[in-house]
Amino acid sequence: MGGCCSAQPAAAADASVRGVSAAFVAQFLAERVAGEATTTQINADVVLPATAARRCAYVDLLGDQRDAAGRPCVGAATVFVSHAWRYPLRLTMEAMLAWAARRPPDSAPVYFYFDLFVNNQHEAVSLPFEWWCTTFRESIRSIGSVLMVLSPWNAPIPLQRAWCVWEAYCAVSQAAAGVTLHLELPQQEQAALREAILADFTALTAALGDLDVQRAEAFKPEDRDRILTAVRECVLSLSLSLSLSLSLSLSFPPINFMCLLARTVGANELNAQVAGGLRGALLAMAAALVADTGAPDPLVPMEGKLFNEVGNALRTHGDLDRAEAALRRALASLEHHFGREHADTAACMLNLGNLMGDRHRWAESLEWSRQACGVLASVRGPDHELTIMAEHNV
């Protein structure tokens, strides 16, 4: 979002949390967005000149106008869009519209909180940081959904921008209150993801596992530290209060240590929340890309291979229930398409054996490992690394 390139993220405040309709976004895309112009360029070439006389937000120019669908162009926001201004705006808007098009037919009309339109681009947002930890998070909760547009799939820019990570945190940390985090890839990235997840799904999960907000960038370097402080204050105030009480009992309070503790605790919480939420959503997205009933027939046999990798990724990150469901689905698909005496089927059996060991279901672990060992010895040979692994398990 705008916070990914400007000083602070979009302010969802004051006179209602406004958004623009999907039909308005489609019209703006068709009429005002040329080629690969980035959001930053469109702001400079279109939004700022159009609003210069009134020095207002773009939505203020729309008034009571209606879109091509006959609905008001401006309404109460239903989804907050987190994106990077370095993207071509066309890709971001196409992703937004694709997400909106998949909503159930009986859903309420989509209104995007899109900072390019909703924020006054002539005025720098200057608010106390406590505001971002309270009012901003509450605004996210009132909207109820955050849509993060990711590109490129293997190094998403929002995961490298501190404010975008903060926006994701505001979603995943309020999941219990009903806030949902949605991920959307531009169409050209979906094609690349579809190919990559079958070749090396671990590269995708490794990228998410490597998320570290302390390495994320911010327009103002101090904002990154403020984000860590906000996380600390939002979710770990009690622990830090106890630590502070301890430090005050010393002759020389270890101020540097306390600052480091605040940074570390905040970063750990933020990384855990955001990486966990993004990983789960991206795994689901990857699965949907290949398991989609509308996928071409040649992709159907790949479903088993995909879910085998998904199951492994979930197991690696400790989500054992979902890992087991994914691996059992993978095994059923692999057996159906390739038969039981196949190396891919045996590899899935071996993964199930490892998972059952993690779950302390030793008899099942032994049985799956034995079955895998028999098949692998036959089709791969006794010296293959997977055969040796299976024999070790047995």
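Here the structure is a predicted model, which means the values were calculated and not measured.

Q: How do you make sense of the overall build of the protein chain when you look at a structure like this?
A: Scanning the protein chain for helices and strands turns up 16 helices and six strands. Taking all 394 residues of the protein chain together, 48% fall into the buried category. Restricting the contact set of the protein chain to residue pairs at least 6 apart, pairs at least 24 apart contribute 76%. Split by element, the accessible area of the protein chain, about 18000 Å² in all, is 53% carbon and sulfur.

Q: Looking at this model, I keep getting lost on unusual backbone geometry. Mind explaining?
A: At Arg-55, a residue that is not glycine, the phi angle is positive and equals roughly 50 degrees. Tracing the backbone through its elements, the reader meets Arg-55 in the loop between α2 (39-51) and α3 (59-62). Positive phi, normally seen in glycine, also occurs at His-360, with a value near 65 degrees. Owing to a relative accessible area of 57%, His-360 belongs among the exposed residues under this scheme.

Q: Would you explain α2 in this entry?
A: An α-helical turn contains 3.6 residues, so any two residues separated by three or four positions project in the same direction. The largest bend in α2 is about 25 degrees, located at Asp-45, with the proline Pro-49 one to four residues further on. Those residues of α2 that sit buried are Thr-39, Ile-42, Asn-43, Val-46, Val-47 and Thr-51. Buried residues along α2 sit in contact with α1 (22-32), α3, α4 (89-101) and α5 (115-118).

Q: Help me understand the packing of helix α15 (residues 362-379) against helix α16 (residues 385-393) in this model?
A: Relative placement of two packed helices is described by the angle separating their axes and the distance separating the axes. In the contact formed by α15 and α16, the axes pass within 8 Å of each other and the chain directions differ by 150 degrees. In terms of axis orientation, α15 runs roughly antiparallel to α16. Both α15 and α16 take part in a crossing whose hand is left-handed. Each of Ser-369, Ala-372, Cys-373, Leu-376 and Ala-377 in α15 lies in contact with α16, whose residues at this interface are Leu-386, Thr-387, Ala-390, Glu-391 and Asn-393. Of the residues belonging to the contact of α15 with α16, the class tally is six nonpolar, three polar and one charged.

Q: I keep staring at the sheet that holds strand β2 (residues 74-76) and nothing clicks. Help me out?
A: Each strand in a sheet pairs with its neighbour through backbone hydrogen bonds, running either in the same direction (parallel) or in the opposite one (antiparallel). Pairing within the open sheet is mixed, and its six strands lie in the order β2-β1-β4-β3-β5-β6. Unpaired on one side and paired on the other, β2 and β6 (180-184) mark the two borders of the sheet. Going across the sheet, the axis of each strand differs from the next one's by a mean of 40 degrees, ignoring polarity. Pairing of strand β5 (residues 145-149) with β6, which is carried by five bridges, proceeds in the parallel orientation. Within β6, the position partnered with Leu-147 by the bridge is His-182. Helix-sheet contacts for α1 involve β1 (18-21) and β4 (111-113), and the interaxial angle to β1 is about 65 degrees.

Q: Explain the packing of aromatic side chains to me, please; I cannot follow it from the model alone.
A: The way to describe two aromatic rings as a pair is by their centre distance and the angle between their planes. A complete count under the given rule lists nine aromatic pairs for this structure. Here the aromatic rings of Phe-24 and Phe-28 are separated by 6.1 Å at their centres, their planes lie at 45 degrees, and the arrangement is tilted. On the criterion of helical spacing, the pair formed by Phe-24 and Phe-28 is a turn pair, its members being four residues apart in helix α1. Of the aromatic side chains, those joined through ring pairs into one cluster are Phe-24, Phe-28, Tyr-58, Phe-114 and Phe-117.

Q: Quick question: what am I supposed to make of the packing of helix α14 (residues 343-358) against α16 here?
A: At a closest axis distance of 11 Å, the pairing of α14 and α16 adopts a crossing angle of 35 degrees. At the point where α14 passes α16, the crossing takes the left-handed sense. On α16, the residues that touch Ala-347, Leu-350 and Asn-354 of α14 are Leu-386, Met-389, Ala-390 and Asn-393.

Q: Help me out: how do you make sense of the pairing of strand β3 (residues 79-82) in this one?
A: Where a strand is regular, its side chains alternate between the two sheet faces. Taking every second residue as pointing to the same face, both faces of β3 are buried, with Val-79 and Val-81 on one and Phe-80 and Ser-82 on the other. Where β3 and β4 come together, two bridges link them in parallel fashion. If you follow Phe-80 over to β4, its bridge partner there is Tyr-113. Relative to β5, β3 runs parallel, the two being bridged by three bridges. Paired with Phe-80 across the strands is Val-146, a residue of β5.

Q: Even after reading the chapter, I still don't get the confidence of the model for the protein chain, so can you show me in this structure?
A: It should be kept in mind that the predicted coordinates are not to be read in detail where pLDDT is low. With 66% of its residues at a pLDDT of at least 70, the protein chain reaches an overall mean of 75. In this model, residues 1-15 is a region of pLDDT below 50 whose contacts with residues beyond four sequence positions or in other chains number 62 contacts. Contacts from residues 235-267, a stretch scored under 50 in pLDDT, to residues over four places away or in other chains number 26 contacts.

Cut-offs applied
- Residues numbered from 1 in each chain as written.
- Predicted model: local features only at pLDDT ≥ 70, side-chain atom pairs only at ≥ 80, totals over all residues.
- Heavy atoms only, no water.
- Helix = DSSP H or I, 4+ residues; strand = E, 2+ residues; numbered from the N terminus.
- Buried < 20%, exposed > 50% of the residue type's maximum accessible area, 1.4 Å probe, protein only.
- Contact = heavy atoms within 4.5 Å.
- Areas by Shrake-Rupley, 256 points an atom, 1.4 Å probe, with all protein chains shown as cover.
- Bend = angle between axes of the 7 residues up to and from the residue.
- Axes fitted to C-alpha atoms, helices over the stretch in contact; angles between N-to-C directions.
- Parallel < 35°, antiparallel > 145°, perpendicular 65-115°, else oblique.
- Left-handed = near helix turned anticlockwise from the far one by under 90°.
- Nonpolar A, V, L, I, M, F, W, Y, C, P; charged D, E, K, R; others polar.
- Pairing = 2+ DSSP bridges.
- Phe/Tyr/Trp six-rings, centres within 6.5 Å; stacked < 30°, edge-to-face > 60°.
- pLDDT = per-residue confidence, 0-100.

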